[in-house]
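# Understanding the architecture of this molecule
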Amino acid sequence: MTIAPEVPTTLRFLSLEITGRCQLSCPPLCYAKSGPTRNHGSMTEDDWNRVIDEAVTLGVEDVQVIGGEPTLHPAFDRMVQRAVDAGLRVRVYSNLFRIRDEHWRLFEHPSVRLATTYHSPVASEHDEVTGRDGSHKATRANIVEAVRRGIRLKVAVLDGGDHERAERARAEMQALGVHEVHVSDVRAVGNAAGTAMPSTSSLCGRCGDKKAAVLPNGNVSVCEMGRFLTAGSVKDASLTSVLASDRWAEVTASIPRRAGMALCPPDCAPNDDSSCGPDNSGPCGPADDG
Ligand code: SF4
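Note that this is a predicted model, so its numbers are computed, not measured. (Residues numbered from 1 in each chain as written. Predicted model: local features only at pLDDT ≥ 70, side-chain atom pairs only at ≥ 80, totals over all residues. Heavy atoms only, no water.)

## With respect to empty space enclosed by the protein
The condition that has to hold: Two kinds of site are reported from a 1 Å grid over the protein atoms alone, namely cavities, where a 1.4 Å probe fits but cannot get out, and pockets, open sets with protein on both sides within 12 Å along at least five of seven lines, and residues are called lining when an atom falls within 4 Å of a point. Grid points are joined across faces, edges and corners, and a volume is the space filled by probe spheres set on the points.
Taken as a whole and judged by the stated rule, the model has 4 cavities of 30 Å³ or more. The calculated volume of the largest cavity comes to roughly 330 Å³. Taken together, 25 residues line the largest cavity, and the ones lying closest to its centre are C26, Y31, Y93, N95 and T117.

## Some remarks on the packing of helix α4 (residues 123-130) against helix α5 (residues 135-148)
How we decide: Helix axes are fitted to C-alpha atoms over the stretch in contact, other axes to C-alpha atoms as well, and angles between N-to-C directions run from 0 to 180 degrees. Strands here are runs of E lasting at least two residues and helices are runs of H or I lasting at least four, both read from the DSSP assignment and numbered beginning at the N terminus. An angle below 35 degrees is treated as roughly parallel, one above 145 as roughly antiparallel, one from 65 to 115 as roughly perpendicular, and anything else as oblique. The contact rule is simple, with two residues in contact once any of their heavy atoms fall within 4.5 Å. Here the term charged refers only to Asp, Glu, Lys and Arg, the term nonpolar to Ala, Val, Leu, Ile, Met, Phe, Trp, Tyr, Cys and Pro, and the term polar to all other amino acids, Gly among them.
In the contact formed by α4 and α5, the axes pass within 8 Å of each other and the chain directions differ by 100°. By the angle between their directions, the pair α4 and α5 is classed as roughly perpendicular. Listed contacts from α5 to A123, H126, D127 and T130 of α4 are S135, H136 and T139. Each residue belonging to the contact of α4 with α5 can be placed in one class, and the counts come to 1 nonpolar, 5 polar and 1 charged.

## Some thoughts on the site of the ligand
The following threshold applies: Near is defined per residue: the residue qualifies when any heavy atom it owns lies within 4 Å of the molecule or strand. Grid points define the cavity or pocket, and a molecule sits in it when more than half of its atoms lie within 2 Å of them.
Around the ligand, a shell composed of C22, L24, S25, C26, C30, S34, G68 and N95 is seen. Because more than half of its atoms lie within 2 Å of the grid, the ligand is assigned to the largest cavity. The residue makeup of the shell around the ligand, split by class, is 4 nonpolar, 4 polar and no charged.

## Quick word on the pattern of salt bridges
This is how the line gets drawn: Criterion for a salt bridge: a side-chain nitrogen of Lys or Arg within 4 Å of a carboxyl oxygen of Asp or Glu. Type-normalised accessible area, obtained with a 1.4 Å probe on protein chains alone, sets the label of each residue: buried when under 20%, exposed when over 50%, and partly exposed for intermediate values.
Scanning the entire structure with this criterion turns up 21 salt bridges. Of the charged contacts, one joins E17 and R227 as a salt bridge, the two residues approaching to 2.6 Å between their closest N and O atoms. Of the two residues, E17 sits in strand β1 (residues 13-17) while R227 sits in the loop between β8 (219-221) and β9 (230-233), which places them 210 residues apart along the sequence. You'll find E17 and R227 in the same group, each marked buried. For the salt bridge of E145 with R149, the shortest nitrogen-to-oxygen distance reads 2.7 Å. Relative accessible area serves as the criterion here: at 27%, R149 is assigned to the partly exposed category. Counted as one network, the salt bridges with shared partners bring together E125, D162, E164, R165 and R168.

## Remarks on the confidence of the model for the protein chain
Put simply, the rule reads: For every residue, the predictor states its confidence as a pLDDT score lying anywhere from 0 to 100.
When pLDDT is averaged along the protein chain, the result is 87, and 86% of the positions lie at 70 or above. In the model, residues 271-290 has pLDDT below 50 throughout and makes 74 contacts with residues more than four positions away in sequence or in other chains.

## Brief notes about unusual backbone geometry
For the bond from G67 to G68, the omega torsion is 20°, close enough to zero to count as cis. Relative to the assigned elements, G68 resides in the loop between β2 (62-66) and α2 (76-85). Despite not being glycine, K33 shows a phi value in the positive range, around 55°. Looking at the element boundaries, K33 is found in the loop between β1 and α1 (45-58). A relative accessible area of 46% means that K33 is categorised as partly exposed.

## A short note on the packing of α1 against α2
In plain terms, the rule: Here a crossing is taken to be left-handed if its near helix is turned anticlockwise relative to the far helix by less than a right angle, and right-handed if that turn runs clockwise.
α2 packs onto α1 with a crossing angle of 20° between their chain directions and a minimal axis gap of 10 Å. By the angle between their axes, α1 is roughly parallel relative to α2. Every pair of crossing elements has a handedness; the one defined by α1 and α2 is right-handed. In this structure, α1 uses E45, W48, N49, I52 and D53 to contact α2, whose residues at the interface are R78, M79, R82 and A83. Among the residues forming the contact of α1 with α2, the class breakdown is 4 nonpolar, 1 polar and 4 charged.

As structure tokens, this is what we get:
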């Protein structure tokens, strides 16, 4: 008889990073070092479906589909639909650069939410961050369209040091009718880390706490921001066994926890402080700011 490995904690939130490809490159800040030359990784559609199904059995209620730009994955629609059909709430984290009609229809499903990132009301400033001319115009137009369609949308504004610009971006989003706008600091992960080694001090302190991320190569990490802390791959093992492994216990124990912190909200996301204020004084700011 095969005995299933025990998972010490219930998983509540799972992030599915289904591709490294993106139309943008965001040279100063992309946590995943995504861009037009990156690919979808080694996970097949069947692999992702297996992970989605297993997430349900593990008690996951919320999944985030992210990249790169997740809508560029050829199986994006089918995977989101599978998660919805399985009873999961799905958040799609998109750059909203190009959205096809079938994607809008998917986003209108009551179990699907949308999130994006916006950098500045000034087009040249936004485009400088994304590394692509015209991205401000495209993303802003799709934010307006999402609001018009009544889609639940969260906008993260990244404060790279110009607080006044970030506040202008926040005010513009609110004036457009976006109800959830969060300003957060850029974390020193991926492109933002430059040549420095990634550090656990850049993390919020809740990574791996009832949440995990599966990367495009199948590696399981404590979250997408903590992508340098991996415990194994779902390419050659079940998610359950990875989460029950000694390595998972090691990597989660290596993250400095902040005193008095509460459970990470399920919608804690890259470059997105959820309930945190711009000074990162809330529960999801980097640990070294606490
Ligand atoms: S930060 Fe987002 S939009 Fe920018 S390159 Fe990375 S995945 Fe693409």
